[in-house]
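Given next are the chains, with one letter for each unit.
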Amino acid sequence: MTTISEQIKHVIDTEPVAVFIKGTPDAPACGNSLRALQALWQAGAPIAAIDILPDPRIRQELSALSEWPTIPQVFVKGELIGGADITEEMLASGDLRAKLDEALGAEREQTVRTIELALPTP
Amino acid sequence: MATASIRALLEQAFPGGEIGVDDRTGGGDHFQVTVVSSAFDGLSLIEQHKLVNAALAAPLADGTIHELRIRTKGTA
């Protein structure tokens, strides 16, 4: 089984838009996770959401990789764009849509998926 | 008070900057910080936020800050 860190890296590298949140898109457990999801949705992003709550190691490994201390964290094509504040600011300025257009094309599909990591026993 | 120590950390990291710290819920752990500083001139938003996160690394790591909202602006 691959390590949590390897799985996180794989998701970031392969998902067009990956967002690490508390809870799920159906039931976000934090207002900031909801704000990031809503901004991405409004920008027409294909969202792949990963819940960090099932295991504290997910957040530890994620922040070690991204050098970003807080949740949510939004990645577009493997690049960290920021948390809820930056994602909202970029939506308001039009930069988020422009970034998605540039990275994924304007004809992208607007979807929401949840990705579950396979957690190795501690 | 957490608000005062967060303000002190930001003032230290951004000398001469315009600093705002708001305890959003009154509970002393959900904060909105605003920083206007020439240190942000020419930087992308994510680079600006990374500087703020770095300035507040200690209270973020030890749980003093449970939730942090950041607003940054350069002076250029």
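Just above, that's the structure.
Residues numbered from 1 in each chain as written. Chains lettered and ligands numbered in written order. Predicted model: local features only at pLDDT ≥ 70, side-chain atom pairs only at ≥ 80, totals over all residues.

Considerations on the overall build of chain A
Along the backbone of chain A there are five helices and five strands. Moving toward the C terminus, one meets the helices and strands of chain A in the order α-β-α-β-α-β-β-α-α-β. Relative to the compact-globule value of 14 Å for 122 residues, chain A shows a C-alpha radius of gyration of 13 Å, a close match. Seen along its three principal axes, the alpha-carbon backbone of chain A occupies a region of about 45 × 25 × 25 Å. (Helix = DSSP H or I, 4+ residues; strand = E, 2+ residues; numbered from the N terminus. Rg over C-alpha atoms; globule rule 2.2 N^0.38 Å.)

Observations concerning the environment of Ser63 of chain A
Residue and element names in this part refer to chain A. Along the chain, Ser63 turns up in helix H3 (residues 56-66). We classify Ser63 as partly exposed; it has 18 C-beta atoms within 10 Å. Between the C-alpha atoms of Ser63 and Gln73, which are ten residues apart in sequence, the distance is 9.1 Å. Ignoring anything within four residues of it in the chain, the contact list for Ser63 reads Trp68 and Pro69. (Buried ≥ 20, exposed ≤ 12 C-beta atoms within 10 Å, placed from the backbone. Contact = placed C-beta atoms within 7 Å.)

Here we look at helix H4 (residues 84-93) of chain A
Among the residues making up H4 of chain A, those that are buried are Ala84, Asp85, Ile86, Thr87 and Met90 of chain A. For H4 of chain A, the secondary structure elements touched by its buried residues are helix H2 (31-42), strand S3 (73-76), strand S4 (79-82) and helix H5 (95-104) of chain A together with helix H2 (45-55) and strand S3 (67-73) of chain B. Backbone geometry just after H4 of chain A places Gly94 of chain A at a positive phi near 90°.

What about the packing of H2 of chain A against H4 of chain A?
All names here are of chain A. Two elements in contact, H2 and H4, have axes whose closest approach is 9 Å; the angle formed by their N-to-C orientations is 30°. By the angle between their axes, H2 is roughly parallel relative to H4. Note on packing geometry: the crossing formed by H2 with H4 is left-handed. On the side of H2, the interface is formed by Asn32, Arg35, Ala36, Ala39, Leu40 and Gln42, while H4 contributes Ala84, Thr87, Glu88 and Leu91. Broken down by class, the residue content of the contact of H2 with H4 amounts to five nonpolar, three polar and two charged. (Axes fitted to C-alpha atoms, helices over the stretch in contact; angles between N-to-C directions. Parallel < 35°, antiparallel > 145°, perpendicular 65-115°, else oblique. Left-handed = near helix turned anticlockwise from the far one by under 90°. Nonpolar A, V, L, I, M, F, W, Y, C, P; charged D, E, K, R; others polar.)

A short note on the interface of chain A and chain B
How big an interface is tends to be expressed through the accessible area that disappears when the partners come together. Counting residues at the interface gives ten residues for chain A, matched by ten residues for chain B. Looking at the side of chain A that touches chain B, the elements that each hand over two or more residues are S4 and H4 of chain A. The class makeup of the residues in the side of chain A that touches chain B is five nonpolar, three polar and two charged.

Let's talk about the pairing of S3 of chain A
Residue and element names in this part refer to chain A. Residues of S3 alternate between two faces, with Gln73 and Phe75 on one and Val74 and Val76 on the opposite face, all of them buried. In this structure, strand S1 (residues 17-21) lies alongside S3, joined through four bridges in antiparallel fashion. Across the sheet, residue Val17 finds its bridge partner in S3, namely Val76. Where S3 hands over to S4, the hairpin turn is made up of two residues, of which Lys77 adopts a positive phi near 50°. (Pairing = 2+ DSSP bridges.)

Digging into the nonpolar core
Counting residues in each nonpolar core, the largest one holds 30 residues, and the members touching the most others are Val19 and Leu40 of chain A. Elements that contribute at least two residues to this core include exactly helix H1 (4-14), S1, H2, strand S2 (47-51), H3, S3, H4 and H5 of chain A. When residues of this core are assigned to their parent elements, the largest contribution, five residues, is made by S1 of chain A. Leu40 of chain A has contacts with Val17, Val19, Ala45, Ile47, Val74 and Thr87 of chain A, leaving out every residue within four places of it along the chain. The next biggest cluster of nonpolar side chains, apart from the first, holds 14 residues, and it includes Phe14, Val52, Leu68 and Ile70 of chain B. (Core = buried A, V, L, I, M, F, W, Y, C linked by C-beta atoms within 7 Å.)

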